[in-house]
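Geometric and topological summary
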Amino acid sequence: MIRKKINDAGKVLLFPFKAFGFIVFAFKVVIFTFLVLDSLFEWIVSTILK
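Residues numbered from 1 in each chain as written. Predicted model: local features only at pLDDT ≥ 70, side-chain atom pairs only at ≥ 80, totals over all residues. Heavy atoms only, no water.

Let's talk about the overall build of the protein
Counted only if it meets this: Going along the chain from the N terminus, every DSSP run of H or I of four or more residues is numbered as a helix, and every run of E of two or more is numbered as a strand. With C-alpha atoms as the basis for the radius of gyration, the globule rule is written as 2.2 Å multiplied by the number of residues raised to the power 0.38. Partly exposed describes any residue whose relative accessible area lies between the buried limit of under 20% and the exposed limit of over 50%, with all areas from a 1.4 Å probe on protein chains only and scaled to the type maximum.
When its secondary structure is counted, the protein shows one helix and zero strands. Computed over the C-alpha atoms, the radius of gyration of the protein is 22 Å, more than 25% above the 10 Å expected from 2.2 N^0.38 for a compact globule of 50 residues. Along the longest, intermediate and shortest principal axes, the C-alpha atoms of the protein span 75 × 10 × 5 Å. Within the protein, the proportion of its 50 residues that are buried is 0%.

Quick look at the structure:
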């Protein structure tokens, strides 16, 4: 019974870390996508202007 309560408390304490990790991951994906689109856009513009 006590062990189960400790496990539940551990899950509750770990949740913010997991959520934070997910936010960091999503942030990295957004930055990566932005960089890819930016370089793609530059390539398209330079191709059109040639």
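More follows now that the structure is in view.
Structural notes on the pattern of salt bridges
We apply this condition: Should a side-chain nitrogen of Lys or Arg be within 4 Å of a carboxyl oxygen of Asp or Glu, the pair is scored as a salt bridge.
Per the stated rule, a full pass over the model turns up one salt bridge. The partner of Lys4 in a salt bridge is Asp8, with the nearest N and O atoms 3.2 Å apart. Remark: Asp8 and Lys4 occur in helix 1 (residues 2–49); sequence separation between them is four residues, near one turn of the helix. Lys4 gets classed as exposed once you look at its relative accessible area, which sits at 52%.

Considering a nonpolar patch on the surface
Stated precisely, the cut-off is as follows: Patch definition: residues with relative accessible area over 30% and no salt bridge; like charges joined within 9 Å; nonpolar side chains (Val, Leu, Ile, Met, Phe, Trp, Tyr) joined within 5 Å. In these tables, accessible area is a Shrake-Rupley quantity obtained with a 1.4 Å probe, and a residue counts as shielded only by the protein chains included in the view.
A cluster of nonpolar side chains, Leu37, Leu40, Trp43, Ile44 and Ile48, forms an exposed patch at the surface whose accessible area comes to about 550 Å². Position of Ile48 relative to the elements: it lies in helix 1. By relative accessible area, Ile48 is classed as exposed at 65%.

Examining the environment of Gly21
Structurally, Gly21 can be placed in helix 1. Given the relative accessible area of 36%, Gly21 is considered partly exposed. Put simply, Gly21 and Val45 are 24 residues apart on the chain and 36 Å apart in space, counted from C-alpha to C-alpha.

Points about helix 1
Where we set the bar: An expected span of 1.5 Å times one less than the residue number is assigned to each helix. Consider a residue and the seven residues that end there alongside the seven that start there; fitting an axis to each set, the bend is the angle between those axes.
With 48 residues, helix 1 extends 70 Å from end C-alpha to end C-alpha; this agrees with the ideal 70 Å at 1.5 Å per step. Taken as a whole, helix 1 carries its principal kink of about 30 degrees at Leu14; the proline Pro16 stands between one and four residues after it. Little of helix 1 is tucked away, with zero of its 48 residues classed as buried.

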